2 protein chains.
Amino acid sequence: MINPQSLALGTKRNTIMELADYGRRRAAQIGKENVFDFSIGNPSVPAPAQVNEAILDIIQNMDSLAVHSYTSTMGDLKTRAVIAQDLNGRFGCDAKAEELLLCCGAAPEVAAACKALTTEGAEILVFAPYFPEYKPYVEQAGAIFRIVPADIPNFQLNLDALEAMLTPNTSAVIVNNPNNPVGSVYSRQTIEKLAALLDRKSQQFGHRIYIIADEPYRELHYDGAVVPFIPGIYPHTVVCYSYSKSLSLPGERVGYIYVPGNAQDGRDLYHAIVGAARAMGHVCAPSLMQLVLQRCAHLQPDLAVYSKNRQTLVDALTQYGYEMAKPEGAFYIFLKAPGGDDQAFSKKAMAKDLLLMPGSDFGCPGYLRLCYCVSYDTIVRSLPIFKELIEN
Amino acid sequence: MINPQSLALGTKRNTIMELADYGRRRAAQIGKENVFDFSIGNPSVPAPAQVNEAILDIIQNMDSLAVHSYTSTMGDLKTRAVIAQDLNGRFGCDAKAEELLLCCGAAPEVAAACKALTTEGAEILVFAPYFPEYKPYVEQAGAIFRIVPADIPNFQLNLDALEAMLTPNTSAVIVNNPNNPVGSVYSRQTIEKLAALLDRKSQQFGHRIYIIADEPYRELHYDGAVVPFIPGIYPHTVVCYSYSKSLSLPGERVGYIYVPGNAQDGRDLYHAIVGAARAMGHVCAPSLMQLVLQRCAHLQPDLAVYSKNRQTLVDALTQYGYEMAKPEGAFYIFLKAPGGDDQAFSKKAMAKDLLLMPGSDFGCPGYLRLCYCVSYDTIVRSLPIFKELIEN
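In short, a report on the structure. Not measured: the values here are computed from a predicted model.

Parameters at a glance
Residues numbered from 1 in each chain as written. Chains lettered and ligands numbered in written order. Predicted model: local features only at pLDDT ≥ 70, side-chain atom pairs only at ≥ 80, totals over all residues. Heavy atoms only, no water. Phe/Tyr/Trp six-rings, centres within 6.5 Å; stacked < 30°, edge-to-face > 60°. Helix = DSSP H or I, 4+ residues; strand = E, 2+ residues; numbered from the N terminus. Buried < 20%, exposed > 50% of the residue type's maximum accessible area, 1.4 Å probe, protein only. Pairing = 2+ DSSP bridges. Contact = heavy atoms within 4.5 Å. Axes fitted to C-alpha atoms, helices over the stretch in contact; angles between N-to-C directions. Buried area = accessible area lost by both parts, 1.4 Å probe. Salt bridge = Lys/Arg side-chain N within 4 Å of Asp/Glu carboxyl O. Polar contact = N/O pair within 3.5 Å; in protein donor to acceptor, adjacent residues only side chain to side chain. Nonpolar A, V, L, I, M, F, W, Y, C, P; charged D, E, K, R; others polar. Expected span 1.5 Å × (residues − 1). Arc of directions from axis to C-beta.

1. Some remarks on the packing of aromatic side chains
Residues and elements named next belong to chain A. Using the criterion set out here, one finds 34 aromatic pairs over all chains in the structure. Arranged with centres 5.3 Å apart and planes meeting at 70°, the rings of tyrosine 130 and phenylalanine 145 form a pair that is edge-to-face. In this pair, tyrosine 130 is assigned in the loop between β3 (123–127) and α7 (134–140) and phenylalanine 145 in strand β4 (residues 144–148), connecting sequence segments 15 residues apart. Consider the rings of tyrosine 241 and tyrosine 243, whose centres lie 5.0 Å apart with planes at 80°: the pair is edge-to-face. With a relative accessible area of 3%, tyrosine 243 lands in the buried category. An aromatic cluster of three or more residues is present, and its members are Phe38, Tyr322, Phe345 and Phe386.

See below:
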């Protein structure tokens, strides 16, 4: 009596992780330096020095039991207060510790938010191209997964298409800003238009449509792009944050959910998320990392490395004839697949040990995702392969 | 459109965590030393020194990116190999790295195992008294939660009652050995009887009934009690292990699932668990702790402290007139509530800042759970209160 959906999810697996695993195996065969692995968003900038300094200090100077014990399910209160203060200072909001829930990264946060916002027949919408794991998160919640078509070639939010798809069953819309896989940033004006639409439709349908804001890339933006803080525009938002990218701690699984106090039914929603997380086995976020965040939550990433990688790739690939959306955030470039077939191009690239994710996996065939969180040397040495691939 | 089940779970919350939170608040008011908090299984023995030494060495000497990056979803291969080797050495099994899945502790492991073993109408059974979170784990999976009545006053597995409750819809039985909340240990002979019953019923129903073995307390046993390794008796078992108790790392959220290679449909089941975990947002177990396990997975806990606590309590409480099941494992004593009303007695105790969990929360009214993973001083100073409570 094995669950067929679970089996399918576990057998086919997440293509990103599959490709990354392939990259690891290939690296073991031919050497890490000979695999041009642009498949996974594993930060290439180390965690700020303060993070490891904090770990050493905590381990050397704090009571071991205090470090490694369970915290409250919602997270250490002092850590939550520090994070709330950081948000308030940076975004002028009024976040409170009790509006935050520390979790094991954005993935279980989005899954729990989906569950908390699902009643019989509920629909949760995403904008293509989208992070492929949204589908299992929405479906495990019991909601219907609906995809708003991509806005090609601008890759902004396709609000006309969204409006046509909003129904009385719409419970939430997932917004990922800056966007994975495109690297686009939705401006304040765009989010304001989205908010106005959701307000209007919420009124029309007689229930609130929430935004689930998946924001692991919030701090990663370039060329002066400004990433708006969505709750400041639309308070009916569940912020799902992770320190995976901003502190380069993806493996440590630590982040937070924030449900603003002025969100409609905000306290109920917060408690429903706590309940949903509990049913999925959330006990607490890793306790050592919670203590690290008390000292490091305010740190900002050093973007110089990513910025240089990005510029080098954009310049060279454009020169070779590749087309791409303007990459203003995260560490992704979304390339138009030469020849139009992303799967075929990805395979062709793979044969040269250059790993690119097909856009089909993000609900956007004809494109390829390139993660430029790799060493600069990898980028420089990959350029001739990119050139050769488009020329043939 | 807020999910009412999630809201209920998040509002009522886990009584253990509620009581532990109360204990924390009360400690802030009257001083930690004046709260006799027997409510939560937070180990009172610090992690072995090697754990913190490993953390320091890893942070000081390894590449920060290698420490904090995503691992494979299933977990670092070397860590899994080390754990497999440890299991094989201790239990004479033939575990392989690819049969292990590293997870964020036993809670999400049990939740994922339940999901993977749930098809339409599936029933998952637990033995009372049971860890209360099993109910939300089973129900989030979509299975029907059924409780096998307690075997009072022995608190062994009630196999006659189980047999009467097994139906063609039974998918799995959760076994927690040593047991929380009782502290009982099920012997090899008991597990053999259970295995024979499940084998017979699996044949009768034409499908395999699995055991979900929730084993965070496997290494915690006293007085020469032997905790059998269930897959060695019944291979159709999903082992859900956590290092929370054996390495005193409950806050760090790290453990593993083991599906033996000779379990029926074992590979499918393994993949279905990977898929179920993925849908709940499992990305990887905390990466630093995975590295720590490479060095520390084989360590055994120092049981002297718990053993002394246990003996002191058993001797004193017995002398005062309390009755209890024989506590051979974990760090729990299951007391018969004087007067018969566990809720009332728990409240009476709470008024004296002595925190005991009512057995009702474990599906066994009339009893109280006492966690003796506290300081010896707390135990000694709590004894007059226990004495006073039973005398009045």
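Next comes the rest of the account.
2. What about the sheet that holds strand β9 (residues 332–336) of chain A?
Residues and elements named next belong to chain A. What the three strands build is an open sheet, ordered β9-β12-β11; its pairing is antiparallel. A strand with exactly one partner marks an edge of an open sheet, and here the two such strands are β9 and β11 (357–358). Direction of pairing for β11 relative to strand β12 (residues 367–371): antiparallel, over a ladder of two bridges. If you follow methionine 357 over to β12, its bridge partner there is arginine 369. Sitting on the sheet, helix α13 (residues 342–350) is in contact with β11 and β12, with an inclination near 40° to β12.

3. Here we look at the interface of chain B and chain A
Between chain B and chain A, the residue contacts involve 84 residues of the former and 84 residues of the latter. Of the roughly 6600 Å² buried between chain B and chain A, counting both surfaces, carbon and sulfur atoms make up 60%. Counting the surface chain B buries against chain A, the share from its top three residues, Met1(B), Tyr70(B) and Arg278(B), is 15%. Scanning the region where chain B abuts chain A turns up two salt bridges. Among the ionic pairs, Arg278(A) bridges to Glu133(B), the shortest N-O distance being 2.7 Å. At the boundary of chain B with chain A, the tally comes to 27 residue pairs in polar contact (both at pLDDT 80 or more). No other element matches the nine residues that helix α10 (residues 266–279) of chain B contributes to the side of chain B that touches chain A. Of the residues contributing to the side of chain B that touches chain A, the split by class is 43 nonpolar, 30 polar and 11 charged.

4. Overview of helix α5 (residues 77–91) of chain A
Residue and element names in this part refer to chain A. Its 15 residues give α5 an end-to-end C-alpha distance of 21 Å, which sits within 8% of 21 Å, the value for a rise of 1.5 Å per residue. Turning to α5, its buried residues are Thr79, Arg80, Ile83, Ala84, Asp86 and Leu87. Projected down its long axis, α5 shows its buried positions confined to an angular sector of 160°, all on one face. Residues of α5 that are exposed and angled more than 90 degrees away from the buried face: Leu77, Lys78, Gln85 and Gly89. Close packing links the buried residues of α5 with β2 (100–103), β8 (255–258), α10 (266–279) and α11 (287–296). Of the residues flanking the start of α5, the one acting as N-cap is aspartate 76, its side-chain oxygen 2.9 Å from the backbone nitrogen of lysine 78. Where α5 ends, the next residue or the one after it, glycine 92, has phi of about 60°, a positive value.

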